[in-house]
Amino acid sequence: MKLTFALVLAALLATACTDLHYLRSDQPILPVREYEKLIVGRLDADYVGDDNCLSRCHAHDKIKHDLQLSVHGEQIASETGLPLVNCESCHGPGSLAIANIDEQGRCDFGTLLRYDELPSQALALICLKCHSAASTPILHNWNASAHANSDVSCFDCHRLHLGPQQKVSRQEMDELCYSCHQDVRISFQQFSHHPVPEGKMACVDCHNPHGTAQDHGLLGLTVKETCTRCHMDVQGPFVYEHADLTEDCSNCHAPHGAPNNPLLKASQPFLCLQCHAGHQSRFLAPGLASDQFKGAFLTRCTDCHKAIHGTDIPSAKGRGTFIAR
Ligand code: HEC
Ligand code: HEC
Ligand code: HEC
Ligand code: HEC
Ligand code: HEC
Ligand code: HEC
Ligand code: HEC
Ligand code: HEC
Ligand code: HEC
């Protein structure tokens, strides 16, 4: 039983890996103009408009209906009253496709843009010709993003014909991301984790999948700034801060999940002992009887050093040992 499970898991991981291996490998990058040429479509075809396309056959009625209800369908050009985004905006000119509709009522879709033959940069350009960085600020850093540079295109995430929804919904997002980021799924399954699996948070609360100017597509300028967008109470500055450590929360916390509460990379006292020597009851914690800790190795450091991120209140000895809260 266990063995079969392991084999299935290995097989799953292997397929996931080959995919990612391809995405991570270097592909030649062409000048933008070359990609632009690829998405012009057949030069001998003309634009005929949705009505011409769709009145001839009804195979795509659901797609048409969904699209009409979507944000794309709502875009109407003020000068002409015509839809700004129609089938041909993304699929290329359609006259040849409807010139030869076969007995089964299928159009000659081979004359439209062949998505399966286009490199991911060209696929993205189909969207980017309208979604310029100026019109869609969320895409400002797309070209420099880890996704764009790893041959992940808009199409991998935005499934436009599954319904009227064109955005990736917060409910579906984590599964979508895990389909390529298996290791991140595993982090979120750890005992202590940000409530993404519970649906209270989503990847986009910390990352912009279209890239940002920061590492890992983080929303804040630094890891700390990303965290303190929500955890303002630990932001400081404090009179007594935990050295420059509060600059980087990830010295102690894992962002996605960890085996130790609360999101700690190691359990106490080991977390602290990585950088400090432990101490026995050579200090008296304020309010504690001196012999209570006599000889005992102090294990839960934050039982006393409660204000671990920093505090404005000095300890009894007038130092910032984070005793006060
Ligand atoms: C904003 C861009 C866009 C528009 C507008 C658009 N499509 Fe698509 N279409 C796509 C993308 C991207 C795919 C690739 C598969 C996917 O992501 O769902 C696709 C795939 C398809 C497919 C094959 C896959 C499937 O889901 O059956 C058909 C058929 C199709 N589109 C028809 C249409 C028709 C008809 C219209 C107009 C009513 C239309 N499309 C408008 C982007 C678009
Ligand atoms: C012909 C122009 C055009 C093309 C091509 C186009 N879009 Fe759009 N799209 C728009 C406009 C206009 C809007 C509405 C204004 C806005 O949100 O920027 C929009 C909105 C969106 C939204 C926001 C939906 C929402 O619920 O807020 C998404 C997501 C989107 N487009 C994705 C895509 C993807 C992915 C592609 C490529 C497959 C694509 N678009 C191609 C013009 C276009
Ligand atoms: C790795 C997955 C992924 C890729 C690749 C991706 N997107 Fe998105 N996109 C998302 C997610 C997730 C959201 C929802 C963001 C949110 O809810 O804040 C989104 C939202 C959007 C929006 C709505 C923006 C808004 O302000 O509401 C647009 C437009 C859009 N994407 C266009 C694109 C285009 C164009 C491309 C390709 C150049 C692209 N996306 C590539 C995942 C992706
Ligand atoms: C089609 C596969 C695919 C999907 C879907 C996908 N990614 Fe990625 N992602 C990649 C690849 C490939 C890279 C670049 C190589 C790497 O570091 O894994 C990457 C890189 C990243 C990085 C940067 C990692 C770093 O170390 O700089 C982040 C953050 C990220 N993805 C988040 C997301 C989020 C959030 C989603 C869902 C909205 C998502 N990804 C969906 C394939 C994908
Ligand atoms: C609470 C904020 C937060 C949330 C929510 C979050 N991340 Fe991250 N993520 C980070 C930070 C911070 C880093 C950088 C870690 C570092 O510097 O060690 C990171 C790193 C990454 C990386 C690159 C390193 C790695 O672990 O592979 C990927 C990929 C990634 N995140 C994907 C995701 C996905 C997918 C989701 C949603 C399922 C998600 N993240 C949700 C904060 C977050
Ligand atoms: C979008 C808001 C948001 C961001 C950004 C964010 N968090 Fe959180 N964080 C939460 C929420 C919500 C919880 C769950 C609180 C709960 O369950 O009571 C949480 C829980 C935690 C906990 C556990 C607290 C406890 O009481 O168990 C720690 C530690 C933590 N976050 C650290 C971080 C770190 C480190 C970062 C940056 C990498 C970060 N957070 C970024 C919203 C956020
Ligand atoms: C030196 C290690 C260390 C660093 C660096 C650190 N933390 Fe913590 N953090 C802890 C420990 C230990 C706890 C648990 C305290 C306890 O058990 O009483 C904790 C608890 C938390 C909690 C939950 C309890 C609370 O105080 O609200 C949050 C949220 C949190 N940290 C966020 C952050 C953020 C955000 C950063 C970066 C600005 C950060 N931490 C940097 C060690 C650290
Ligand atoms: C990544 C290394 C690192 C980790 C992990 C770490 N610290 Fe620190 N800590 C430091 C540094 C550096 C200082 C500043 C030392 C100085 O100024 O002499 C400091 C200062 C302190 C001080 C104040 C010392 C003084 O002389 O005023 C206390 C108390 C302390 N840490 C407790 C803890 C506890 C408790 C933990 C575990 C929750 C912890 N530290 C985890 C590096 C770390
Ligand atoms: C019983 C309470 C208590 C526990 C538990 C405790 N400490 Fe302390 N710690 C103190 C007191 C009291 C001081 C001195 C306070 C002062 O200087 O005002 C102190 C001082 C320190 C200092 C500064 C030492 C110096 O030489 O200046 C460090 C570093 C420190 N503790 C780390 C730790 C670590 C690491 C742990 C966990 C292994 C820990 N403490 C557990 C009470 C405690």
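As a reminder, the structure under discussion sits directly above these lines.
Residues numbered from 1 in each chain as written. Chains lettered and ligands numbered in written order. Predicted model: local features only at pLDDT ≥ 70, side-chain atom pairs only at ≥ 80, totals over all residues. Heavy atoms only, no water.

J.: Just checking my understanding: could you explain the site of ligand 7 for this structure?
T.: Close contacts around ligand 7 come from 18 residues, with H242, C249, C252, H253 and H309 the closest. Note that a nitrogen atom of ligand 7 is positioned 2.8 Å from one of the side-chain N or O atoms of H253. Within the side chain of R300, an N or O atom sits 3.3 Å from an oxygen atom of ligand 7. The class makeup of the residues in the shell around ligand 7 is eight nonpolar, seven polar and three charged. (Near = heavy atom within 4 Å. Polar contact = N/O pair within 3.5 Å; in protein donor to acceptor, adjacent residues only side chain to side chain. Nonpolar A, V, L, I, M, F, W, Y, C, P; charged D, E, K, R; others polar.)

J.: What is the right way to look at the coordination of the iron atom of ligand 3 in this model?
T.: A metal bound by six donors in octahedral fashion has ideal angles of 90 or 180 degrees, whereas one bound by four tetrahedral donors has an ideal angle of 109.5 degrees. Around the iron atom of ligand 3, the protein contributes the donor atoms H158 (NE2) and H210 (NE2), which lie 2.0 Å from the metal centre. Classification of the site at the iron atom of ligand 3 rests on its six donor atoms, whose angles at the metal span 86 to 180°, yielding the label octahedral. Here H158, found in the loop between helix 9 (154-157) and helix 10 (170-178), pairs with H210, found in the loop between strand 1 (192-193) and helix 12 (223-228); they are 52 residues apart in sequence, far enough to count as distant. Owing to a relative accessible area of 16%, H210 belongs among the buried residues under this scheme. (Donors = N, O, S within 2.8 Å, 3.2 Å for Na, K, Ca; no water. Tetrahedral: all angles 85-135°; square planar, octahedral: opposite > 155°, others 65-115°. Helix = DSSP H or I, 4+ residues; strand = E, 2+ residues; numbered from the N terminus. Buried < 20%, exposed > 50% of the residue type's maximum accessible area, 1.4 Å probe, protein only.)

J.: How should I be thinking about the coordination of the iron atom of ligand 5 in this particular structure?
T.: Within the protein, H207 (NE2) and H256 (NE2) serve as the donor atoms for the iron atom of ligand 5, at 2.0 Å. Taken together, the six donor atoms coordinating the iron atom of ligand 5 and their angles of 88 to 179° define a geometry best described as octahedral. Of the two residues, H207 sits in the loop between strand 1 and helix 12 while H256 sits in the loop between strand 2 (240-241) and strand 3 (257-258), which places them 49 residues apart along the sequence. Look at H256 and you get partly exposed, because its relative accessible area is 22%.

J.: I'm lost on the packing of aromatic side chains in this one. Help?
T.: Two numbers describe a pair of aromatic rings. These are the distance of the centres and the angle of the planes. Across all of its chains, the model carries one aromatic pair by this definition. Their ring planes at 75° and their centres at 4.9 Å tell us that Y115 and F155 sit as a pair that is edge-to-face. One end of the pair, Y115, is in the loop between helix 7 (95-99) and helix 8 (120-128); the other, F155, is in helix 9, and 40 residues separate them in sequence. Y115 sits in the partly exposed class, given a relative accessible area of 24%. (Phe/Tyr/Trp six-rings, centres within 6.5 Å; stacked < 30°, edge-to-face > 60°.)

J.: Could you clarify how one ought to interpret the environment of D46 in this entry?
T.: By the element assignment, D46 lies in the loop between helix 2 (32-38) and helix 3 (49-55). Sequence-wise, D46 and G92 are 46 residues apart; in three dimensions their C-alpha atoms are separated by 8.8 Å. Aside from chain neighbours lying at most four places away, what touches D46 is E88, P93, G94 and S95. (Contact = heavy atoms within 4.5 Å.)

J.: I tried to follow the site of ligand 3 on my own but got confused; where do I start?
T.: Taken together, 19 residues surround ligand 3, and among them C154, C157, H158, K167 and H210 come closest. Side-chain polar atom of K167 to an oxygen atom of ligand 3: 3.2 Å apart, as the coordinates give it. A distance of 2.7 Å separates a nitrogen atom of ligand 3 from a polar atom in the side chain of H210. When residues of the shell around ligand 3 are traced back to their parent elements, those giving at least two are helix 8 and helix 9. Lining the shell around ligand 3 are residues from two domains, each supplying at least three of them: domain 1 (32-157) and domain 2 (170-220). (Domains from an automatic or database assignment.)

J.: Looking at this structure, how should I read the pattern of salt bridges?
T.: Oppositely charged side chains are able to pair whenever their charged atoms sit close together. Tallied over the full model, the rule gives eight salt bridges. Here R170 and D205 are joined by a salt bridge, their closest N and O atoms 2.9 Å apart. In this pair, R170 is assigned in helix 10 and D205 in the loop between strand 1 and helix 12, connecting sequence segments 35 residues apart. Overall, D205 belongs to the partly exposed group, its relative accessible area being 25%. With its nearest N and O atoms 2.9 Å apart, the salt bridge here joins D303 to R300. Of the residues examined, R300 reaches a relative accessible area of 47% and is grouped as partly exposed. (Salt bridge = Lys/Arg side-chain N within 4 Å of Asp/Glu carboxyl O.)

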